[in-house]
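Take a look at the letters that make up each chain.
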2 protein chains.
Amino acid sequence: MEHLIEQTKERSTAFQGCLLRLDVDTVTLPDGQEGIREYIRHPGGVGVVALTDEREVLLVKQYRYPYGEVLVEIPAGKRDPGEEPLKTGMRELEEETGYRAANYTPLGTLYPTPGCCDEVVYLYLATGLTAAEAHPDADEFLDVERCPLEEMVKRVMAGEITDAKTQIGILKTKLLLDSQKEEA
Amino acid sequence: MEHLIEQTKERSTAFQGCLLRLDVDTVTLPDGQEGIREYIRHPGGVGVVALTDEREVLLVKQYRYPYGEVLVEIPAGKRDPGEEPLKTGMRELEEETGYRAANYTPLGTLYPTPGCCDEVVYLYLATGLTAAEAHPDADEFLDVERCPLEEMVKRVMAGEITDAKTQIGILKTKLLLDSQKEEA
């Protein structure tokens with residue numbers, strides 16, 4: 001792999017906001033030339049595929065400002081500094097949907113946009129749901145819906161669900177449950 | 001949906017680089033309060049699941065500076081301003097792998113990180129491959145590999161493939177081919 005690696009020569013933070021930090025690094029490319037890497041430092045996040053006993057998925061509809069669109073997504077949120085991903089997932093599921101889950105199964109991680117951001121999103125499948133009380137953040141406005149898993153798979157395949165973590169969470173859940181059924 | 005929408009009050013561009021632009025907008029939230037939205041303006045990209053006649057997927061291994069890791073990804077790249085997504089896909093497949101494809105099937109889009117970036121990634125399944133010549137960009141260093149589709153599905157399910165567009169492209173291709181087999 002050595003012939004692919006880039007070395008940091010100089011780093012400068014071009015922007016530091018409430019959520020994002022943007023760094024511009026000068027790097028030495030594998031051939032010894034100099035290159036520039038602009039990239040976002042992100043606290044990372046967690047998404048939860050919450051599946052009811054009726055095989056329905058809990059979804060949140062939320063206005064996503066950068067796109068100017070209301071998106072259908074699995075419950076998710078940013079990690080607080082140093083917070084365990086599982087704890088973030090449990091917190092966000094309850095905050096956004098008002099549900100708690102008895103069982104959490106890891107569904108791996110995803111790197112949303114590896115060329116220009118260091119964000120890592122952890123995914124979990126949550127089952128054994130019980131109703132509690134929703135309490136979204138002060139600047140968060142969302143609607144909660146349910147949709148059968150099989151219908152969500154169709155919506156993902158038809159291109160109706162655009163959010164990356166939701167597509168991955170739904171398709172991994174479908175294949176995981178199918179493989180468990182085959183084994184049984 | 002009206003009760004979810006945020007209105008732009010003021011926009012300021014906090015950073016403008018070669019690749020990224022970062023805007024900080026003041027918005028009016030659905031409840032009338034004021035909020036801040038920090039987000040990246042990105043030119044958008046295209047990823048291609050290139051499948052050989054032997055049902056192998058073409059992959060590129062590439063150092064991803066924000067993570068400090070070599071990732072396994074489907075061929076992909078940024079759109080030039082105004083470029084048709086399909087044209088970007090054809091260009092990037094040939095530049096990175098040295099292959100051309102006779103058939104392109106759309107696999108939908110993905111929004112990698114909808115809270116803080118406006119990037120849209122288009123995905124295609126490419127078949128009918130013929131060898132041409134690879135010619136990566138000057139600051140791009142990568143290795144090309146092949147892996148059977150079924151093994152890639154296992155690697156995605158095992159959490160070994162982190163890149164979001166690669167996970168989505170592989171799982172959608174698997175489910176699409178399975179459904180075509182059932183219909184036949």
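On a predicted model such as this, the values are computed, not experimentally measured, just so you know. (Residues numbered from 1 in each chain as written. Chains lettered and ligands numbered in written order. Predicted model: local features only at pLDDT ≥ 70, side-chain atom pairs only at ≥ 80, totals over all residues. Heavy atoms only, no water.)

Undergrad: Sorry if this is basic, but what is going on with the environment of leucine 175 of chain B here?
TA: Tracing the chain through its elements places leucine 175 of chain B in helix H3 (residues 164-183). For leucine 175 of chain B, the residues in contact, after removing those within four places along its chain, are Val153, Met157, Leu171 and Leu175 of chain A. (Helix = DSSP H or I, 4+ residues; strand = E, 2+ residues; numbered from the N terminus. Contact = heavy atoms within 4.5 Å.)

Undergrad: Help me out: how do you make sense of the interface of chain A and chain B in this one?
TA: Many authors give the size of an interface as the accessible area that is lost as the parts come together. Between chain A and chain B, the contact holds 65 residues from the first and 64 residues from the second. Of the roughly 6100 Å² buried at the junction of chain A and chain B (both faces included), carbon and sulfur atoms supply 68%. For chain A, the biggest contributors to the area lost against chain B are Tyr65, Tyr67 and Tyr111 of chain A; these three give 14% of the whole. Run the count over chain A and chain B and you get zero salt bridges. The interface formed by chain A and chain B holds 30 residue pairs in polar contact (both at pLDDT 80 or more) in total. By residue class, the composition of the side of chain A that touches chain B is 38 nonpolar, 10 polar and 17 charged. (Buried area = accessible area lost by both parts, 1.4 Å probe. Salt bridge = Lys/Arg side-chain N within 4 Å of Asp/Glu carboxyl O. Polar contact = N/O pair within 3.5 Å; in protein donor to acceptor, adjacent residues only side chain to side chain. Nonpolar A, V, L, I, M, F, W, Y, C, P; charged D, E, K, R; others polar.)

Undergrad: I'm lost on the sheet that holds strand E7 (residues 76-78) of chain A in this one. Help?
TA: Each strand in a sheet pairs with another by means of backbone hydrogen bonds, the pair being arranged parallel or else antiparallel. All names here are of chain A. Pairing is mixed in the open sheet, where four strands are placed in the order E7-E4-E9-E8. Two strands in the sheet have a free side with no partner beyond their single neighbour: E7 and strand E8 (99-110). Averaged over all pairs of adjacent strands, the angle between strand axes in this sheet comes to 25°, irrespective of strand direction. Where E8 and strand E9 (residues 121-131) come together, nine bridges link them in antiparallel fashion. Directly across from threonine 105, in E9, lies its bridge partner leucine 125. (Pairing = 2+ DSSP bridges. Axes fitted to C-alpha atoms, helices over the stretch in contact; angles between N-to-C directions.)

Undergrad: Any chance you could explain the pattern of salt bridges here in plain terms?
TA: It is possible for side chains bearing opposite charge to pair when their charged atoms get close. Residues and elements named next belong to chain A. Taken as a whole and judged by the stated rule, the model has 39 salt bridges over all chains. Between glutamate 34 and lysine 9 there is a salt bridge, with its nearest N and O atoms 2.5 Å apart. Of this pair, glutamate 34 sits in strand E3 (residues 34-41) while lysine 9 sits in strand E1 (residues 7-16), and the two are 25 residues apart along the sequence. Owing to a relative accessible area of 52%, glutamate 34 belongs among the exposed residues under this scheme. (Buried < 20%, exposed > 50% of the residue type's maximum accessible area, 1.4 Å probe, protein only.)

Undergrad: Just checking my understanding: could you explain the sheet that holds strand E10 (residues 142-148) of chain B for this structure?
TA: Residue and element names in this part refer to chain B. If you trace the three strands from one edge of the open sheet to the other, you get E6-E5-E10, paired in antiparallel fashion. The strands lining the two open edges of the sheet, one partner per strand, are strand E6 (69-73) and E10. For this sheet the average axis-to-axis angle between neighbouring strands, irrespective of direction, equals 30°. Across seven bridges, strand E5 (residues 56-64) lies against E10 in antiparallel orientation. Bridging across to E10, valine 57 finds its partner in cysteine 147.

Undergrad: In this structure, what is going on with helix H2 (residues 149-157) of chain B? I would like to understand it.
TA: Along H2 of chain B, the residues that are buried comprise Leu149, Met152, Val153 and Val156 of chain B. Angularly, the buried residues of H2 of chain B cover 105° about the axis, an arc narrow enough to put them on a single face. Contacts made by the buried residues of H2 of chain B are with helix H3 (164-183) of chain A together with E5, E10 and H3 of chain B. Backbone geometry just after H2 of chain B places glycine 159 of chain B at a positive phi near 80°. (Arc of directions from axis to C-beta.)

Undergrad: How should the domain arrangement of chain A be read in this particular structure?
TA: Residues and elements named next belong to chain A. Split into domains, chain A comes out as domain 1 (2-41) and domain 2 (45-183). Using only C-alpha atoms to locate each centre, domain 1 and domain 2 end up separated by 31 Å. Facing five residues of domain 1, the contacting portion of domain 2 comprises five residues. In this assembly, domain 1 packs against domain 2 so that about 360 Å² is buried in total across both faces, 58% of it on carbon and sulfur atoms. Where domain 1 packs against domain 2, one counts zero salt bridges. For the pair domain 1 and domain 2, the interface holds two residue pairs in polar contact (both at pLDDT 80 or more). (Domains from an automatic or database assignment.)

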